[in-house]
Amino acid sequence: MSQKSMPRKRNRELQDAYTVLEDLATPEQEPCCSGETLVGARLRILRHELGLSMRTLAAKCGVSVNTLSLVENDRTSPSVHTLQLLAHGLGIPLAAFFEVERPGYALVFQHQGQRPQLRFASGTLEKLGEGLPPLGAEPILVTLDPSTIDVDEISHVGREFIYCLDGEMACIVAGREYHLTPGDSLLFDARAPHRWLNIHPAPSKLLVLFCPMEARDQPAERHLDH
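Residues numbered from 1 in each chain as written. Predicted model: local features only at pLDDT ≥ 70, side-chain atom pairs only at ≥ 80, totals over all residues. Heavy atoms only, no water.

Attention now goes to the overall build of the protein. Check the secondary structure of the protein and you find six helices and nine strands. Taking all 226 residues of the protein together, the buried fraction comes to 36%. Per element, the accessible surface of the protein, about 13,800 Å² overall, is 54% carbon and sulfur. (Helix = DSSP H or I, 4+ residues; strand = E, 2+ residues; numbered from the N terminus. Buried < 20%, exposed > 50% of the residue type's maximum accessible area, 1.4 Å probe, protein only. Areas by Shrake-Rupley, 256 points an atom, 1.4 Å probe, with all protein chains shown as cover.)

For the rest of this paragraph, the subject is helix 4 (residues 65-72). Within the span of helix 4, buried status applies to Leu68, Val71 and Glu72. Projected down its long axis, helix 4 carries its buried residues within an arc of 95°, all on one side. Just downstream of helix 4 lies aspartate 74, where phi reads positive at about 60°. (Arc of directions from axis to C-beta.)

Where strand 4 (residues 159-166) meets strand 7 (residues 185-189), five bridges bridge the pair, whose relative direction is antiparallel. Paired with arginine 159 across the strands is aspartate 189, a residue of strand 7. Sheet topology note: the strand 4/strand 9 (residues 204-211) ladder contains seven bridges and is antiparallel. Bridged to isoleucine 162 within strand 9 is valine 208. (Pairing = 2+ DSSP bridges.)

Pairing is antiparallel in the open sheet, where three strands are placed in the order 6-5-8. What marks the edges here is a single partner per strand, and that holds for strand 6 (176-180) and strand 8 (194-198). Direction aside, neighbouring strands of the sheet carry axes that sit 20° apart on average. Sheet analysis places strand 5 (residues 169-173) next to strand 8, joined by five bridges and oriented antiparallel. Among the inter-strand pairings, cysteine 171 is bridged to a residue of strand 8, identified as tryptophan 196. (Axes fitted to C-alpha atoms, helices over the stretch in contact; angles between N-to-C directions.)

Sheet strands associate in pairs through backbone hydrogen bonding, adopting either a parallel or an antiparallel arrangement. Pairing in this open sheet of six strands is antiparallel, and the strands run 1-2-3-9-4-7 from one edge to the other. On the outer flanks of this sheet lie strand 1 (117-120) and strand 7, each paired with one strand and no other. The sheet shows a mean angle of 25° between the axes of neighbouring strands, taken without regard to direction. Of the strand pairs in this sheet, strand 1 and strand 2 (residues 123-127) are connected by four bridges, and their pairing is antiparallel.

All right, on to the nonpolar core then. Core analysis: the biggest nonpolar cluster contains 18 residues, and Val142, Ile162, Met169, Cys171, Trp196, Leu206 and Val208 have the highest contact counts within it. Secondary-structure elements contributing two or more residues to this core are strand 3 (138-144), strand 4, strand 5, strand 7 and strand 9. Aside from chain neighbours lying at most four places away, what touches isoleucine 162 is Met169, Cys171, Leu180, Asp184, Ser185, Leu186, Phe188, Trp196, Leu206, Leu207 and Val208. (Core = buried A, V, L, I, M, F, W, Y, C linked by side-chain atoms within 4.5 Å. Contact = heavy atoms within 4.5 Å.)

So, on to the environment of leucine 83. Structurally, the position occupied by leucine 83 is in helix 5 (residues 80-90). Spatially, the C-alpha atoms of leucine 83 and alanine 95 are 9.9 Å apart, while their sequence positions differ by 12 residues. If near-sequence neighbours (up to four positions away) are discounted, leucine 83 is found in contact with Val39, Pro78, Leu94, Phe97 and Phe98.

Next up on the list: the environment of glycine 158. Here glycine 158 is to be found in the loop between strand 3 and strand 4. By relative accessible area, glycine 158 is classed as buried at 9%.

Time to look at the pattern of salt bridges. Evaluation of the coordinates by the stated rule reveals five salt bridges. Glutamate 138 is the partner of lysine 127 in a salt bridge, and the nearest nitrogen-oxygen pair spans 3.8 Å. Highlighted residues: lysine 127 in strand 2 and glutamate 138 in strand 3, separated in sequence by 11 residues. Assigned by exposure class, lysine 127 and glutamate 138 land together as buried. Between arginine 191 and aspartate 189 there is a salt bridge whose closest N-O contact spans 2.6 Å. Each of Arg44, Arg47 and Glu72 takes part in salt bridges that share partners, so that together they form one network. (Salt bridge = Lys/Arg side-chain N within 4 Å of Asp/Glu carboxyl O.)

In structure tokens, the structure reads:
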């Protein structure tokens, strides 16, 4: 090898080494949403599509309600075993958790009678905005059974708006009772202890708007568990 070719070879080797070092030093860009966030969001959507409460799905999957809540709210990274349990309980393939929805305008169209009904202690809930993150306002159609079941008070972050559509109901907020008949409405800070009661001999229907502060807040789930 000639004396002239040796410096050129050495220069090429140095350039290659610098290129490798630059690649190692340059951090990879984070994707717009992590796999954990995608799993949590997909799990919530899939559960809602099946009309299952968090407590019901946890029982079907053999996991605790706390674990399910942590996964949905992106507060923990689920193990492969946990994902397998969730997939089995939902009746879906494991890959369904990682399907990305195509970008587009968020829109929900629902036919009457085709919305899934979720049972709770004193009636049913129908989510009118199923499939969208509960930001700004989460519209719920509530039907209260004509019963005398006494439900526990609950509280959650954000605001709660109630509009009476049919029948007659009482909403107890911070110990004070408010009677609502068709056309009456009530808006209050949902951190105050509150509960709903049907005081009509037939079912009463309410339009309820939950106004959570963050996507991870799930006031509807709090009502379902009581």
